[in-house]
Structures are given as structure tokens and as C-alpha cells.
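One letter stands for each residue in the lines below.
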Amino acid sequence: MDWLKPLLRRWFDPEDGARNSIVARWIFLRALAVIYFSAFYSLLFQIKGLIGPHGILPEGQRLAAVAHYYGATRFWHLPTLFWMSSSTGMMMAVTWAGVVASLLALCNVWPRVSLFICFACFLSFVSAAGDFSNYQSDGMLLEAGFIALFFAPRGIWPGWAADHTPSRASLFLLQWEWFRIYFESGLVKLLSGDVQWRNFTAMDEYYQNSPLPTWIGWYVEHLPHWFHAGSVAVTLVMELAIVWMLFFPRRVRLICFCIVTPWEIGVILTGNYAFLNYIVLALGFLLLDDVYLQRWLPFALQRKQHSEPTDESPAEPAVRRPLHVASVSVAAVILIWIGYVTIAELTPMVLPGARLPIGPAVVLEPFRIANQYGLFAVMTRGRYEIEFQGSNDGQNWQPYIFSYKPQLLNERPGIYAPYQPRFDWNLWFASLGDWQQNDIVPLAEEHLLLNDADVLAMFRGNPFGASPPRYVRAMLWQYWFTSMDEKRSTGNWWRRSLLGQYAPTLVHSSDGKFEIVRPADDLPPHD
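Residues numbered from 1 in each chain as written. Predicted model: local features only at pLDDT ≥ 70, side-chain atom pairs only at ≥ 80, totals over all residues. Heavy atoms only, no water.

## Quick look at the nonpolar core
Which entries qualify depends on this criterion: We call a set of buried residues a nonpolar core when its members are Ala, Val, Leu, Ile, Met, Phe, Trp, Tyr or Cys and they connect through side-chain atoms within 4.5 Å of each other. Only protein chains enter the accessibility calculation, which uses a 1.4 Å probe. A residue is then buried if its area is under 20% of the maximum for its type, exposed if over 50%, and partly exposed in between. Runs of H or I in DSSP of at least four residues are treated as helices and runs of E of at least two as strands, each being numbered from the N terminus.
With 146 residues, the main nonpolar core has Phe 28, Ile 51, Phe 122, Trp 178, Phe 388, Phe 423 and Val 441 as its most contacted residues. With 13 residues, helix H2 (residues 22-44) is the largest single contributor of residues to this core.

## Observations concerning the sheet that holds strand E3 (residues 471-481)
Hydrogen bonds between backbone groups are what pair the strands of a sheet, and the pairing can be parallel or antiparallel. The cut-off we apply is this: When DSSP finds at least two bridges between two strands, those strands are taken to pair. Whether two residues are in contact is decided by their heavy atoms, any of which lying within 4.5 Å being enough. The axes are straight lines fitted to the C-alpha atoms, using for helices just the contacting stretch, and the angles between their N-to-C directions are given from 0 to 180°.
Ordered by their spatial adjacency, 5 strands build an open sheet running E2-E1-E3-E4-E5, and the pairing between neighbours is antiparallel. Only two strands of the sheet have a single partner each, and these edge strands are strand E2 (398-399) and strand E5 (514-518). Pairing analysis gives 10 bridges linking E3 to strand E4 (residues 494-508), with the strands arranged antiparallel. Within E4, the residue paired with Met 475 across the bridge is Gln 501. This element, helix H20 (residues 422-430), spans strand E1 (383-391) and E4 of the sheet and lies at about 115° to E1. The sheet strands contacting helix H21 (residues 440-449) are E1, E3, E4 and E5, and the helix crosses E4 at an angle near 65°.

## Focus on the packing of aromatic side chains
One pair of aromatic rings is described through two measures. These are the centre distance and the angle between the planes. Definition in use: Aromatic contacts are taken between Phe, Tyr and Trp rings whose centres are within 6.5 Å, Trp giving its six-membered ring; a plane angle under 30 degrees counts as stacked, one over 60 as edge-to-face, and the others as tilted. Look at NZ for Lys and CZ for Arg. If either is within 6 Å of the ring centre and within 35 degrees of the ring normal, a charge sits over the ring.
Scanning the entire structure with this criterion turns up 50 aromatic pairs. Between Phe 119 and Phe 146, the aromatic rings sit 5.4 Å apart at their centres with planes inclined by 50°, giving tilted as the arrangement. A residue pair is termed long-range when its members are at least 10 positions apart, and Phe 119 in helix H7 (residues 111-129) and Phe 146 in helix H8 (residues 136-151) qualify at 27 residues. Assigned by exposure class, Phe 119 and Phe 146 land together as buried. Through a chain of ring-to-ring contacts, three or more aromatic side chains come together here, namely Tyr 135, Tyr 206, Tyr 207, Tyr 273, Phe 376, Trp 425, Trp 428 and Phe 429. Residue placement shows Lys 405 over the ring face of Phe 402; its charged tip is 4.4 Å from the ring centre. Its end group placed over the ring of Trp 477, Arg 496 keeps NZ or CZ at 3.4 Å from the ring centre.

## Section: the environment of Glu 205
Position of Glu 205 relative to the elements: it lies in the loop between helix H10 (195-198) and helix H11 (206-209). Residues Glu 205 and His 228 lie 23 residues apart in sequence; the distance between their C-alpha atoms is 8.8 Å. Those residues within four positions of Glu 205 in sequence are excluded, and the remaining contacts are Glu 221 and Arg 381.

## A closer look at the pairing of E5
Of the strand pairs in this sheet, E4 and E5 are connected by 4 bridges, and their pairing is antiparallel. Bridge pairing in E5 links Val 507 to Glu 515.

## Some remarks on unusual backbone geometry
Residues Ala 417 and Pro 418 are joined by a peptide bond in cis, for which omega reads 15°. As for its position among the elements, Pro 418 is in the loop between E2 and H20. Even without a glycine there, the phi angle at Phe 200 is positive, about 65°. The residue Phe 200 is located in the loop between H10 and H11 in this model. What makes Phe 200 partly exposed here is its relative accessible area of 35%. For Asn 451, which is not a glycine, the phi torsion comes out positive at approximately 55°. For Asn 451, a relative accessible area of 15% gives the class buried.

## Considerations on the pattern of salt bridges
A side chain with one charge may pair with a side chain of the opposite charge, provided their charged atoms come close. What counts is decided by this rule: Only one rule defines a salt bridge in this text: a Lys or Arg side-chain nitrogen within 4 Å of an Asp or Glu carboxyl oxygen.
What the rule picks out here adds up to 13 salt bridges. Glu 385 is the salt-bridge partner of Arg 383, the closest N and O atoms lying 2.7 Å from each other. Each member of the pair, Arg 383 as well as Glu 385, carries the same accessibility label: buried. Among the ionic pairs, Arg 488 bridges to Asp 485, the shortest N-O distance being 2.5 Å. Linking Arg 488 with Asp 485, this pair stays in helix H23 (residues 484-490), spanning 3 residues, or about one helical turn. Ionic contacts of the salt-bridge type, sharing partners, join the residues Glu 143, Arg 180 and Glu 184 into one network.

## Overview of the environment of Arg 495
Summarising the element assignment, Arg 495 is placed in strand E4. Remark: the alpha-carbon pair of Arg 495 and Gln 407, spanning 88 residues in sequence, is separated by 9.8 Å. Once residues within four sequence positions are removed from consideration, Arg 495 is found in contact with Leu 409, Gln 478, Tyr 479, Trp 480, Phe 481, Thr 482 and Glu 486.

## Some thoughts on the packing of H2 against H8
Keep this limit in mind: The scheme is simple: roughly parallel for angles under 35 degrees, roughly antiparallel for over 145, roughly perpendicular for 65 to 115, oblique for anything else. Two helices crossing with the near one rotated counterclockwise from the far one by less than a right angle form a left-handed crossing, whereas a clockwise rotation gives a right-handed crossing. Residue type decides the class: Asp, Glu, Lys and Arg count as charged, Ala, Val, Leu, Ile, Met, Phe, Trp, Tyr, Cys and Pro as nonpolar, and the leftover types, Gly among them, as polar.
In the contact formed by H2 and H8, the axes pass within 11 Å of each other and the chain directions differ by 140°. In terms of their interaxial angle, H2 and H8 are classed as oblique. In this structure, H2 crosses over H8, and the sense of that crossing is left-handed. Here H2 contributes Arg 25, Phe 28, Leu 29, Leu 32, Ile 35, Tyr 36 and Ala 39 to the contact with H8, which in turn contributes Leu 141, Ala 144, Gly 145, Ala 148 and Phe 151. Tallied by class, the residues present in the contact of H2 with H8 amount to 10 nonpolar, 1 polar and 1 charged.

Dropping the structure here:
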């Protein structure tokens, strides 16, 4: 076993870490802090309406059900700080703690502790939010955020921390996450059998049908078919081939970075995918060595980095050695565990007949720190929008206007990522199914009948003021981008056609119950 100690030391000991990734680490951790901030900042305005005591899916009810089912193991199956309290005050406290910790991490103040608070607070929300957090982007942030705890330097004011290099294992696992996001997304496109990827039409209406389009996407949508077909080819080549350049020497990785980074920026500009693409963009900087990154730094920062001490005093290692060995051993166990789970999840995608034991993956699953990815496996064939409407007489209906998702025909699609309006985002998924499968729609109707302030805060405004409407319903529209000629003549960015009533019309009766006064329509196919 003599060979094992130097191997573990080389891969897991920061004292023998990746000395050419100091600047890349600094950039990545600052970017990670900004992404965390965007996630918590968006929750400040939504968490009460989503899972608060008066929200659409109150977390207190879910916690009670989980506690009844799992008993003493509930804390592992649903890891969240909200076990202490699911009150509005507790939810806002956790969210504000995440905001503050992310700002501290951005300022490089006690990065390990700051990032741990960010991880714990965001995991608390993701575990608690259920349907509102079943996004791959949430898993990406939790995985990157957890591995970053082993990647970040120690100390309260670490600066560049040139004397505390990132361990090679943590650096590789972050690069490995970057690789898997791309490669597994390419695999699922082929494995899904979606003919749009095979006949090169997947991008023809992608910009229009994405969850939350941008105005730049409107213009790109009107480019000729050859451009969209070429985009399909480039996407598949990049996801299935180019990303393998990660495993090549430094100069090849630089070329890879120069290819995928502009592509990610293009995705950010043409579609609002919350912080998903920002995570991939940040992880991409870990492909670069300091040999390249230092050229872009001010001379003072370069001098500061190289002037930091590289060795501790002679007496300190002897005192700290047992604790240091223990911490390296713990890091080795955890990071090897994460690495195994990600390989076990990827293997069946590459070799359908191969199966590795999944027990370790089951244990880690509640924490979302070792995930399987796969973006845009099947492309949607239409854009559908759910619109909530209220009425006092059942004849004249007023719509509730959303702040982010398409609704008003003459309103230009915005660019607001990494901010994530989770209710708007969920309604895009709900529009592809029916209301029985998406109970957030009738539940939202009930809250609108009560004029619930927390839920109304997720809309642009309340058309009924202090008095709630007598009736509320949800209608389904199909939307299309207007043509260039339509845009010039009408000023509209969208046109739409009513498909029918998506969810039943509800009233709030005098006995406090909600009653259906008109059922939903039998709608045409919309997927």
C-alpha cells in the first residue's frame, strides 16, 4: 500500500495541488458567488408565494407528510433547514442568509464558510420546493457549490492563496461536471429518438418555443433554415466531440474554451435559462491555466499573487499534521464517492447493457451533488401559454399580467437571466400537459380568489384591487413570433390563438370552499 499514500496526496492534498489554477480558481469562485446571489435574490420576491405558509405549495404540509412517511430518517431524505420552522420569517431568514453569504464569497471573505452557508441555504430551498425546484440548473449549482467547498482556499482573508492550491481532485470534478453537462446533453439528443435532431430541424422554432425567449432570439428565429440546420450540426459536434478536448494538453483546452464560450454567450442572449448557462460559462474557465489568465491581469495583481508565501513556518506543519491528514482523508472519501456516482450514472448512457451498483447514488440523491444531465432531449413543437383571468360577472374577464413570460402581444421579450421567475417557468412546463397533472394551476386559481398577497406578488399587478374577483379561470393560448412584415405594420412581437379553457372556472363559496362552476375544455394536442 506504499503506492497509495503518494497517490492520495497528489490528488487530494492542497499542499500538493494544482499550482497553475490559482487565477482560474479565483475567477470561478467569484462567478459562483454571483450565481448564488442571483438565485437567492430571485427567491426574495418569490419564496413566500411559492412555498410559504400562504403559498401555492405550502412547505409545512410537505414536511408533515415526509415526517409521517420517513420518521427519524426524514432529515436525510429531505435535507432542509426548514425542519426547524417553515414560517415566513424562517424562509426569509434563510434566503437573506444566502444573499449575505454570497456577497461575502464574492468579496473573498472566508470563502469556505461563506460558500458552505450558500450551499446549505440553497439546498434547503431546493429540497423543500418540490415542483418548483426540479430543474437541472438547481442540480448543477448544488453539485458545483458542494465540490467548491474542497476547491476554495482556507482562511478568512485568503487573497489569491497561492500557498493553498486547489486539490487536483476537486479541480477535475468541476471540470468533469462541465464535460458531463455537454456530453450527456448530446447523448440524450441521440438516445431520445427525436426526429428533429436527426433531420436538422430542431432549431427552426427553438428560439420561439423556449421557456422564456429574448428579443435577440426573435431576430435569430427569422434567419434562414440553413443557419438553424447548421446550428444543430454545431451543437451535436460540440457536445459529442469538441468537449473531449478537456482531456488534452493546455493549448488544446484553450482552443476548446475559445469555441464553447462564445456559444454559451449566444445561448444566454437568445434565451432566459436562469443561471444554467452562467454555471457552464463559469466552469469553462477551469479549462484555462494561469499561463494564459495572468496575461489579462493588472500587474499589481500578478505581483501580489507571486509575493505570497509558499511555505508555512517549520513548526506549524508538525502541530497541524494529524488534523491535516484527517481532512485530506475525508475529502478523498467524499470526492471519490461523488466521482463514482457520476460515472455510474453516465455508464448506462454510453453502454446500455452495463450497470454499476447504484447504492452510493441512492444515498447521495437527496443532496443533488452528483447528477445526471441532459438538456433539450426532445424539442417542443409549439409555444403555449397559460393565462389566469378573473371576473365578477362571469362574462367580462380581466387577465392577470405576468412580469416575465410572454403575454402582451406588443411587449418585447426581455433579457433577465440569471434571474429566475420560477412560477412563470413552471407554467411553461404545465402548458405542455393538462391541469390534472399540474395542480399548481388550480391552486393558483384558489389563491387569486382569495386575493393572496404572496401569490399576487409574482404577477405584475392585481386588476381587481382590494376586492377579489368572483370567478377565476385559466385559459390556454398558442403563441408564435410575428413575421418581419407583421412586426413593422403592427408593432407586435407575438401573435396568438385561443385553444380553450385549460383549467376549471372556480368560485369561492360562502362556506369557505372552492367550487367548480365550469369544467375545463377538451383541448387539442399541445406538446
